[in-house]
Amino acid sequence: MSGSQSFGSGERFYHSLCPVTLQGEDLVPCAQCAMVRYSSVEAAAEHWPSHSPLCRLLVKLTKAAGGKNPLDKNPGACLQLAGIAKMCLRRSLTQFESDVLMYPRSCNACSTLLASGGLACTDCGCSVYCGSDCQQEDTLHGEVCKLLGENREDFIYWRNKNLQKEVESLLTVTGVQEVKTMADAIKQLAPTITLDQPQGRAVSSVISSPLTCKMALPIIAHQATLTVHLVGSRQIELASLSAWCMLNVSRLVLVFIGPECSEPQQPVPPSEGVEYQFIPPCTYADFAMSDIYSEPDIVCAFNCGFILYSSWAESIPHMVRKSGAPLVFTEYYMQDCQANLALVQDLVPVKLIQEPKLNPFRSFISERAPVAMWGREAGKLGRGDVVSDNAHVVVLKYNG
């Protein structure tokens with residue numbers, strides 16, 4: 001498994017790794033499309049059944065464009081190509097195929113496709129350049145080099161392992177005392193590992209949401225039962241089920257709500273003092289006006305995207321409870337976090353408990369960001385090359 005809990009798992013494409021052997025040295029590009037590179041002829045032959053549909057299509061599109069790959073010096077074409085591929089293949093693209101289009105082996109500075117050769121960054125193994133001039137032009141790479149390298153390292157480590165089971169075996173302590181950083185929490189919960197290791201970063205991804213929620217505990221009255229509404233629930237909340245006991249309350253009720261929310265197919269493992277409630281798919285506004293609504297002590301919306309989906313506007317006034325229950329929300333990008341806050345403030349009067357900031361309890365599993373889809377505006381929009389779950393946080397409550 002690779003990537004964060006939000007982005008899911010599946011076979012991923014890295015232009016610096018053979019998809020069969022995961023070797024990174026002496027790779028040879030596919031003789032047809034030149035987009036995927038292999039460690040041997042045998043590896044290419046083994047991968048051909050899964051690679052051939054997209055490969056053949058890319059060859060046709062390149063011929064139609066006069067022999068020039070549509071992605072050459074035009075990374076923004078990835079979305080159009082993905083749409084064409086979906087239509088021609090009559091199915092959705094696999095994660096690997098999407099990655100081939102989104103993260104091709106192209107120069108970080110000028111976007112020239114480099115099937116082979118070029119100057120690769122030896123630190124992260126993820127970035128490549130036409131030469132030293134282009135490498136010097138990429139002045140921002142130093143800010144993300146380590147994170148890109150860790151993302152690649154995590155993919156290699158977890159590819160044939162069960163992240164969830166291994167993380168549960170590492171969590172030797174169920175409760176956590178007051179901590180100020182994720183590193184402190186890891187030291188308490190899994191003292192044999194650190195955030196410099198794939199295992200430590202994986203633990204951080206599982207405990208990030210409970211620890212972020214815990215930031216709101218000091219502003220509510222102590223009580224025997226704590227009810228937390230997890231709004232817009234997706235994979236990240238479900239992946240953290242085993243870690244919620246670290247809130248250290250006598251009884252915890254977790255209520256999962258969202259249009260995409262559904263009860264897990266596999267039975268939820270019991271956890272002493274924790275009750276799980278899965279509301280049938282609906283918006284929070286619908287839930288708040290239903291007969292089954294229960295007043296929360298804390299409302300959480302992780303990686304919320306308030307500004308990206310118009311359906312949030314109807315629910316936000318219900319999420320900021322007049323009872324005084326705090327709302328905790330997180331975002332991938334600081335600029336989006338600030339915009340989300342502005343939207344909330346336009347919809348309902350609030351008292352800001354925690355201004356937008358880098359979350360000390362963010363997940364330390366980094367995921368490559370699809371910056372190509374933003375084109376030249378990526379920098380202006382605050383988009384970076386990597387993202388992580390719960391990266392930026394805000395805590396607020398009703399002010400009426």
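Treat the numbers as computed from the prediction; the structure is a model and nothing was measured.

Check the secondary structure of the protein and you find 12 helices and 13 strands. Since a compact globule built from 400 residues should have a radius of gyration of about 21 Å, the 23 Å found for the protein is in line with a globular shape. Taken along the three principal axes of its C-alpha coordinates, the protein extends 65 × 45 × 40 Å. Out of the 400 residues belonging to the protein, those deemed buried represent 51%.

Let us look at the environment of Asn399. Mapped onto the elements, Asn399 comes out in the segment after β13 (392–398). In this structure, the C-alpha to C-alpha distance between Asn399 and Arg321, residues 78 residues apart in sequence, is 9.6 Å. If near-sequence neighbours (up to four positions away) are discounted, Asn399 is found in contact with Pro349, Val350 and Lys351.

What follows concerns the side chain of His47. Following the sequence through the fold, His47 ends up in helix α1 (residues 41–64). What makes His47 buried here is its relative accessible area of 11%. The contact partners of His47, leaving out residues within four places of it in the chain, are Pro19, Val20, Tyr38 and Phe96.

Following both chains from N to C, one finds helix α5 (residues 141–158) and helix α8 (residues 198–214) inclined at 95 degrees, their axes separated by 10 Å at the closest point. On the basis of their axis angle, the class for α5 and α8 is roughly perpendicular. Residues Glu150, Glu153, Asp154, Tyr157 and Trp158 of α5 lie in contact with α8, whose contacting residues are Pro198, Gln199, Arg201 and Ala202. Considering only residue class, the contact of α5 with α8 consists of four nonpolar, one polar and four charged.

This part is about α5. Given 3.6 residues to a turn, an α-helix orients residues that are three or four positions apart in the same direction. Over its 18 residues, α5 runs 25 Å from end to end, which matches the ideal 26 Å to within 8%, given 1.5 Å per residue. Within the sequence span of α5, burial applies to His141, Val144, Cys145, Leu148, Gly149, Glu150, Asn151, Arg152, Asp154, Phe155 and Trp158.

Here we come to the packing of helix α7 (residues 182–189) against α8. Running from amino to carboxyl end, α7 crosses α8 at an angle of 105 degrees, the nearest separation of the two axes being 10 Å. Accordingly, the angle class assigned to the pair α7 and α8 is roughly perpendicular. Packed against α7, whose contacting residues are Met182, Ala185, Ile186 and Leu189, the element α8 presents Gly200, Val203, Ser204, Ile207, Ser208 and Leu211 at the interface. Residue composition of the contact of α7 with α8, by class: seven nonpolar, three polar and no charged.

In this section: the sheet that holds β13. A sheet is described by the order of its strands in space; here seven strands give the open sequence β7-β6-β5-β8-β9-β13-β10, paired in mixed fashion. The sheet terminates laterally at β7 (274–278) and β10 (350–358), the two strands that pair on one side only. Neighbour to neighbour, the strand axes of the sheet diverge by 15 degrees on average, direction disregarded. Its contacts with the sheet place helix α12 (residues 334–347) against β9 (327–331), β10 and β13, and it is angled at close to 170 degrees to β10.

Overall, the coordinates contain 11 salt bridges when judged by the stated rule. Note that Arg251 is salt-bridged to Glu275, the shortest N-O span being 2.4 Å. Of this pair, Arg251 sits in strand β6 (residues 251–257) while Glu275 is found in strand β7, placing the two residues 24 residues apart along the sequence. Using a relative accessible area of 37% as the deciding quantity, one classes Arg251 as partly exposed. Each of Lys146, Glu150, Glu153, Asp154 and Arg201 takes part in salt bridges that share partners, so that together they form one network.

With that settled, consider unusual backbone geometry. One non-glycine residue, Asp26, lies in the positive phi region at around 55 degrees. With respect to the helices and strands, Asp26 occurs in the segment before β1 (28–29). Here Asp26 falls in the exposed class, since its relative accessible area comes to 69%. Residues other than glycine seldom take positive phi values, yet Lys73 does so here, at roughly 60 degrees. Within the secondary structure layout, Lys73 lies in the loop between α1 and α2 (78–89).

Under the definition given, this model contains nine aromatic pairs. Between Phe256 and Phe278 the ring centres are 4.6 Å apart and the planes differ by 15 degrees, which places this aromatic pair in the stacked class. Of this pair, Phe256 sits in strand β6 while Phe278 sits in strand β7, and the two are 22 residues apart along the sequence. Take Phe256: its relative accessible area is 0%, and that puts it in the buried class.

As a further point, take the state of the cysteines. In this structure the tally under the stated criterion is zero disulfides. With no disulfide partner, Cys121 has as its closest neighbouring cysteine sulfur the one in Cys124, 3.7 Å distant. For Cys121, a relative accessible area of 8% gives the class buried. Considering cysteine sulfurs only, Cys282 is the nearest to Cys261, which forms no disulfide, with 8.4 Å between them.

A word on the side chain of Ser208. Positionally, Ser208 belongs in helix α8. The exposure class assigned to Ser208 is buried, which follows from its relative accessible area of 0%. Of the polar contacts made by the side chain of Ser208, one reaches the backbone oxygen of Phe361; its length is 2.7 Å. Here the side chain of Ser208 touches Asn390 through a polar contact of 2.9 Å, side chain to side chain. When residues no more than four places from it in sequence are discounted, the contact partners of Ser208 are Met182, Phe361, Arg362, Ser363, Asp389 and Asn390.

The rules behind each value
Residues numbered from 1 in each chain as written. Predicted model: local features only at pLDDT ≥ 70, side-chain atom pairs only at ≥ 80, totals over all residues. Heavy atoms only, no water. Helix = DSSP H or I, 4+ residues; strand = E, 2+ residues; numbered from the N terminus. Rg over C-alpha atoms; globule rule 2.2 N^0.38 Å. Buried < 20%, exposed > 50% of the residue type's maximum accessible area, 1.4 Å probe, protein only. Contact = heavy atoms within 4.5 Å. Axes fitted to C-alpha atoms, helices over the stretch in contact; angles between N-to-C directions. Parallel < 35°, antiparallel > 145°, perpendicular 65-115°, else oblique. Nonpolar A, V, L, I, M, F, W, Y, C, P; charged D, E, K, R; others polar. Expected span 1.5 Å × (residues − 1). Pairing = 2+ DSSP bridges. Salt bridge = Lys/Arg side-chain N within 4 Å of Asp/Glu carboxyl O. Phe/Tyr/Trp six-rings, centres within 6.5 Å; stacked < 30°, edge-to-face > 60°. Disulfide = S-S within 2.5 Å. Polar contact = N/O pair within 3.5 Å; in protein donor to acceptor, adjacent residues only side chain to side chain.

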